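Chain residues, written in single-letter form:
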Amino acid sequence: MWNYFLMAAGVSSASWILSAFIPKKDVIRNLLVLIGILSMAVYIGFLWTSLERPPLRTLGETRLWYSLFISIIGLITYFRWRYLWMLYYCLFMSLLFLFINYLHPENFSKTLMPALQSPWFVPHVVVYIISYAFLAASTLVAVYGLYQVKREKFEAKYMQVADNLVYLGFAFLTFGLLFGALWAKEAWGHYWTWDPKETWAFITWMGYLVYIHRRYQKLAKYVSALWILALAFVILLVCWFGVNYLPSAQFSVHTYSMQP
């Protein structure tokens, strides 16, 4: 299975890197980006079939999905707003997650603990990964916007892009919380137990809600909104990765995500 990952990651990496060297040839560049996306999609489909379970149990497996979705979002945002730098950022993030998986190979297992044998497993994790991809893209807009503010060259159109990405990401994030609550009720008998992962998921959700309210109430105060958006992504990263290393998470029902 490792050899198949190397093949798929190699095709995707080569296609995406090559696409960066032909910025003036849209058709060829977009075709190369699509080849990379299809390569990852085929590998994930192969992994799903081979493992006889959704490849969503470990951090390494979720990184594969993240790499796929953020590259798709990069291409969609490029088609919508024609920001080439956004496309290259998304491809860079996809490559980064593939590289992390290369440095930390996984021993894939067909076993799936009872709590994960639920119809809510796939929708819960997938919508979260999609939301993370959208919100990561919005973070780039925030960082780029703050850089433009410092140079006194900020354009209001950046806020429109950030808002649209946050609205989409927040919608998927909300569905992720709802699906997780329904899953928890089925698996453990309670919708919400303030488990460390659940707590940080709620804090993440609140962080982006603060941004949305800030934009609604103070439309002209874009600098503070950009800072809120950038900091909200830091909270998201704590929820996704960092919470697993907190002492309080050692007895969490979500520790299965750390298993190889």
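Just so you know, these numbers come straight off a predicted model, no measurement behind them.

> Give me the lowdown on the overall build of the protein, citing residues and values where you can.
Of the regular secondary structure elements, the protein holds eight helices and zero strands. When the helices and strands of the protein are listed from N to C terminus, the series reads α-α-α-α-α-α-α-α. On C-alpha atoms alone, the protein measures out to a radius of gyration of 19 Å, which is about the 18 Å that the 2.2 N^0.38 rule sets for 260 residues. The C-alpha extent of the protein, read off along each of the three principal axes, is 55 × 45 × 30 Å. Counting every position in the protein, which comprises 260 residues, the buried fraction comes to 51%. Long-range contacts, defined as pairs at least 24 residues apart, comprise 78% of the intrachain contacts of the protein with a sequence gap of at least 6. Put simply, the protein shows about 13000 Å² of open surface, and 71% of that area lies on carbon and sulfur atoms. Considering the protein, the positive charge centre built from 19 side chains and the negative charge centre built from 10 side chains are found 11 Å apart.

> Explain the packing of aromatic side chains residue by residue, including any values.
Counted by the stated rule, this structure contains 30 aromatic pairs. Relative to tryptophan 240, the ring of phenylalanine 97 has its centre 5.8 Å away and its plane inclined at 15°; by these criteria the two rings are stacked. Taken as a pair, phenylalanine 97 in helix α4 (residues 84–103) and tryptophan 240 in helix α8 (residues 222–240) lie far apart in primary sequence, 143 residues in all. The class for phenylalanine 97 is buried, based on a relative accessible area of 7%. Residue classification places tryptophan 240 among the buried residues on the basis of a relative accessible area of 7%.

> Explain the packing of helix α5 (residues 121–150) against helix α6 (residues 157–188) to me, using residue names and the numbers behind them.
When two helices pack together, their arrangement is given by the angle between the helix axes and by the axis-to-axis distance. Between α5 and α6, whose axes approach to 8 Å, the crossing angle comes to 155°. Relative to α6, the element α5 is oriented roughly antiparallel. Note on packing geometry: the crossing formed by α5 with α6 is left-handed. Within the contact of α5 with α6, the residues separate by chemical class into 24 nonpolar, seven polar and no charged.

> Would you mind going over a nonpolar patch on the surface in detail, with residue names and values included?
On the surface, Trp2, Leu6, Phe99, Tyr102 and Leu103 cluster together into a nonpolar patch covering about 480 Å² of accessible area. Looking at the nonpolar patch, the elements with two or more residues in it are α1 (2–19) and α4. Checked against the element boundaries, tryptophan 2 lands in helix α1. A residue is classified by how much of its surface remains accessible, and tryptophan 2, at 31% relative accessible area, is partly exposed.

> Break down α5 for me, with residues and values.
For α5, spanning 30 residues, the distance from its first C-alpha to its last is 44 Å, which sits close to the expected 44 Å at 1.5 Å a residue. With 23 of its 30 residues buried, α5 lies for the most part within the structure. Phi turns positive, to about 60°, at glutamate 152, one or two residues after α5.

> Help me get a handle on the UniProt feature "transmembrane region" (unreviewed entry) in the protein, residues and values and all.
Feature annotation in UniProt places "transmembrane region" (unreviewed entry) on residues 6–23, 30–51, 63–79, 86–105, 125–144, 165–184, 199–216 and 223–243, given in this structure's numbering. Span residues 86–105 is 90% helix and 0% strand, its end C-alpha atoms 29 Å apart. Overall, residues 199–216 shows 100% helix and 0% strand. The separation of its end C-alpha atoms is 26 Å.

> Outline the pattern of salt bridges, supporting the account with residue identities and numerical values.
Taken as a whole and judged by the stated rule, the model has five salt bridges. Of the charged contacts, one joins arginine 53 and glutamate 61 as a salt bridge, the two residues approaching to 2.7 Å between their closest N and O atoms. Taken individually, arginine 53 and glutamate 61 each receive the classification buried, so the pair is uniform in this respect. Across the pair glutamate 155 and lysine 157 runs a salt bridge, and its minimum N-O distance is 3.3 Å. Each of Asp26, Arg29 and Arg82 takes part in a single network of salt bridges with overlapping partners.

> Break down the environment of glutamate 155 for me, with residues and values.
Relative to the assigned elements, glutamate 155 resides in the loop between α5 and α6. Considering only alpha carbons, one finds glutamate 155 and glycine 145, 10 residues apart in sequence, at a separation of 8.1 Å.

Conventions we followed
- Residues numbered from 1 in each chain as written.
- Predicted model: local features only at pLDDT ≥ 70, side-chain atom pairs only at ≥ 80, totals over all residues.
- Heavy atoms only, no water.
- Helix = DSSP H or I, 4+ residues; strand = E, 2+ residues; numbered from the N terminus.
- Rg over C-alpha atoms; globule rule 2.2 N^0.38 Å.
- Buried < 20%, exposed > 50% of the residue type's maximum accessible area, 1.4 Å probe, protein only.
- Contact = heavy atoms within 4.5 Å.
- Areas by Shrake-Rupley, 256 points an atom, 1.4 Å probe, with all protein chains shown as cover.
- Lys, Arg positive; Asp, Glu negative; His and termini not counted.
- Charge placed at Lys NZ, Arg CZ, Asp CG, Glu CD.
- Phe/Tyr/Trp six-rings, centres within 6.5 Å; stacked < 30°, edge-to-face > 60°.
- Axes fitted to C-alpha atoms, helices over the stretch in contact; angles between N-to-C directions.
- Parallel < 35°, antiparallel > 145°, perpendicular 65-115°, else oblique.
- Left-handed = near helix turned anticlockwise from the far one by under 90°.
- Nonpolar A, V, L, I, M, F, W, Y, C, P; charged D, E, K, R; others polar.
- Patch = residues over 30% accessible without salt bridge, like charges linked within 9 Å, V, L, I, M, F, W, Y side chains within 5 Å.
- Salt bridge = Lys/Arg side-chain N within 4 Å of Asp/Glu carboxyl O.
- Expected span 1.5 Å × (residues − 1).
- UniProt positions renumbered as here; feature names shortened; annotations may be inferred.

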